[in-house]
Amino acid sequence: QKEVEQDPGPLSVPEGAIVSLNCTYSNSAFQYFMWYRQYSRKGPELLMYTYSSGNKEDGRFTAQVDKSSKYISLFIRDSQPSDSATYLCATILTGGGNKLTFGTGTQLKVEL
Amino acid sequence: DTAVSQTPKYLVTQMGNDKSIKCEQNLGHDTMYWYKQDSKKFLKIMFSYNNKELIINETVPNRFSPKSPDKAHLNLHINSLELGDSAVYFCASSPRASPSGEQYFGPGTRLTVT
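Keep in mind that this is a model prediction, so the values were computed, not measured.

Rules of the game
- Residues numbered from 1 in each chain as written.
- Chains lettered and ligands numbered in written order.
- Predicted model: local features only at pLDDT ≥ 70, side-chain atom pairs only at ≥ 80, totals over all residues.
- Heavy atoms only, no water.
- Helix = DSSP H or I, 4+ residues; strand = E, 2+ residues; numbered from the N terminus.
- Rg over C-alpha atoms; globule rule 2.2 N^0.38 Å.
- Buried < 20%, exposed > 50% of the residue type's maximum accessible area, 1.4 Å probe, protein only.
- Areas by Shrake-Rupley, 256 points an atom, 1.4 Å probe, with all protein chains shown as cover.
- Contact = heavy atoms within 4.5 Å.
- Buried area = accessible area lost by both parts, 1.4 Å probe.
- Salt bridge = Lys/Arg side-chain N within 4 Å of Asp/Glu carboxyl O.
- Polar contact = N/O pair within 3.5 Å; in protein donor to acceptor, adjacent residues only side chain to side chain.
- Pairing = 2+ DSSP bridges.
- Disulfide = S-S within 2.5 Å.

**Description of the overall build of chain A**
Argument step 1. Helix and strand counts for chain A stand at 0 helices and 11 strands.
Argument step 2. Starting at the N terminus and ending at the C terminus, chain A contains elements arranged as β-β-β-β-β-β-β-β-β-β-β.
Argument step 3. Against the globule reference of 13 Å for 112 residues, chain A gives a C-alpha radius of gyration of 13 Å, in line with a compact fold.
Argument step 4. Dimensions of chain A, computed from C-alpha atoms along their principal axes, come out at roughly 45 × 30 × 25 Å.
Argument step 5. Scored against the burial criterion, the 112 residues of chain A give a buried share of 44%.
Argument step 6. Surface accessibility of chain A: about 5,300 Å² in total, with carbon and sulfur atoms responsible for 47%.

Below is the structure:
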């Protein structure tokens, strides 16, 4: 079992839809949770990071963490075609080199 | 200006050859990383250096050797390349002072071994 599980998709939604992307993780010691966006043939780009349970909002993006159920979510409001990319969740154990553990990524396509 | 840069962007080579990939960051970060992304897009850490000191060394064949001449550079040398080494290799960096350890990635080097 991978430490971070993520549905690979692909997920296809119409423009303007609310998108929900989810991950689960197995190690309760993970402390920080991140979402990266990766466009085709580009490097991952950090979108947001959160610490502990709760919500964090940045524009159209909301990251949510529920540590009791080991569940991480990213919501995208008013989705745009430019949001079409692969979204990677990641967790981290600080100390010991800050090793990032990634999910496999969810491919999102926002259609006109 | 590019924050984390890698050269070359594409690398096509034959089995058995030795090749190097270079990485530079101009963010003033103390920690740098190498990741491998396989054909299924799974990103896995290989190495991490903090201020030229190796701090993470995952289970990677010893044909792979990272070298950090200074804290702004982290190179990856691969000996005796094999078909299974074909992947995209990403360099990343993070500020040591950041509590979350968030990492910033380069554009990747697509390595194809024939």
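So much for the structure itself; the text now carries on.
**Examining the interface of chain A and chain B**
Argument step 1. Between chain A and chain B, the contact holds 22 residues from the first and 24 residues from the second.
Argument step 2. Carbon and sulfur atoms make up 56% of the surface buried where chain A meets chain B, a total of about 1,900 Å² over both sides.
Argument step 3. Summed over the three residues of chain A that lose the most area to chain B, namely Arg41, Lys99 and Phe102 of chain A, the buried surface amounts to 26% of that side.
Argument step 4. There are 0 salt bridges connecting chain A and chain B.
Argument step 5. The interface formed by chain A and chain B includes 2 residue pairs in polar contact (both at pLDDT 80 or more).
Argument step 6. Of all the secondary-structure elements, those providing two or more residues to the side of chain A that touches chain B are β4 (32-38), β5 (45-51), β9 (85-93) and β10 (99-102) of chain A.

**A word on the side chain of Asp30 of chain B**
Residues and elements named next belong to chain B.
Argument step 1. Relative to the assigned elements, Asp30 resides in the loop between β3 (19-25) and β4 (31-37).
Argument step 2. Side chain to side chain, Asp30 and Lys71 meet in a polar contact 2.9 Å long.
Argument step 3. Those residues within four positions of Asp30 in sequence are excluded, and the remaining contacts are Tyr49, Asn50, Asn51, Lys71, Ser94 and Arg96.

**Remarks on the pairing of β3 of chain B**
All names here are of chain B.
Argument step 1. One ladder, built from 4 bridges, connects strand β1 (residues 4-7) with β3; its direction is antiparallel. When the sheet's bridge partners are listed, Gln6 is paired in β3 with Cys23.
Argument step 2. Where β3 and strand β8 (residues 73-78) come together, 4 bridges link them in antiparallel fashion. The residue of β8 that forms the bridge with Glu24 is His73.

**Digging into the pairing of β4 of chain B**
As a general feature of sheets, a regular strand has side chains that alternate between the two faces.
Residue and element names in this part refer to chain B.
Argument step 1. Of all 7 residues making up β4, 6 are buried, and the element is well covered by its neighbours.
Argument step 2. Pairing between β4 and strand β5 (residues 43-50): 7 bridges, direction antiparallel. Paired with Thr31 across the bridge in β5 is Asn50.
Argument step 3. Hairpin connection between β4 and β5: a loop of 5 residues separates the two successive antiparallel strands, and Lys41 in this loop has a positive phi of roughly 75°.
Argument step 4. Pairing between β4 and strand β9 (residues 87-94): 7 bridges, direction antiparallel. Paired with Trp34 across the two strands is Cys91, which belongs to β9.

**Considering the state of the cysteines**
Argument step 1. The full count for this structure, using the stated rule, is 2 disulfides over all chains.
Argument step 2. Two residues share a disulfide in this structure: Cys23 of chain A and Cys89 of chain A, whose sulfurs sit 1.9 Å from each other. The S-S bond linking Cys23 of chain A to Cys89 of chain A shows a torsion near -105°; that makes this disulfide left-handed. Residue Cys23 of chain A is located in strand β3 (residues 19-25), and its partner Cys89 of chain A is located in strand β9; the two are separated by 66 residues in the primary sequence. Accessibility classification places Cys23 of chain A together with Cys89 of chain A in one group, the buried group.
Argument step 3. Each sulfur of the disulfide joining Cys23 of chain B and Cys91 of chain B lies 1.9 Å from the other. The disulfide joining Cys23 of chain B to Cys91 of chain B has a torsion of about -75° about its S-S bond and is therefore left-handed. Residue Cys23 of chain B is located in strand β3, and its partner Cys91 of chain B is located in strand β9; the two are separated by 68 residues in the primary sequence.

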